[in-house]
Amino acid sequence: MAAIDDVIQRGRWQDWAELRRAALSDLALLDKVERVCRPYTSDPYAQRHHFWMRYAEKHRTPA
């Protein structure tokens, strides 16, 4: 979880691309991304976390 948060906060484009590939190959990782991002949803300046939260929501398979 800390590694995901670190990639979201400090990662560069290539780091984000790797996180995206990993999340698409293992959809359970999207749950972890959401859990990392959820505490930041009330912070309007946490743009990166907002982006990844929406990304995880959008790419989750319908239940």
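This structure is a prediction, so every number in the text was calculated from the model and none was measured. (Residues numbered from 1 in each chain as written. Predicted model: local features only at pLDDT ≥ 70, side-chain atom pairs only at ≥ 80, totals over all residues. Heavy atoms only, no water.)

(A) Up close: the side chain of E34. If you trace the backbone, E34 turns up in helix α3 (residues 28-37). Accessibility expressed as a relative area gives 9% for E34, which makes it buried. Dropping the residues within four chain positions of it, E34 is found in contact with M53, A56, E57 and R60. (Helix = DSSP H or I, 4+ residues; strand = E, 2+ residues; numbered from the N terminus. Buried < 20%, exposed > 50% of the residue type's maximum accessible area, 1.4 Å probe, protein only. Contact = heavy atoms within 4.5 Å.)

(B) Representation of the nonpolar core in the model. In terms of nonpolar packing, the biggest core is built from 14 residues, with I4, I8, V33, C37 and W52 touching the most fellow members. Elements with a contribution of two residues or more to this core: α1 (2-10), α2 (13-25), α3 and α4 (47-59). Once residues lying within four places of it in the same chain are set aside, the contact partners of C37 are I8, H49, W52 and M53. (Core = buried A, V, L, I, M, F, W, Y, C linked by side-chain atoms within 4.5 Å.)

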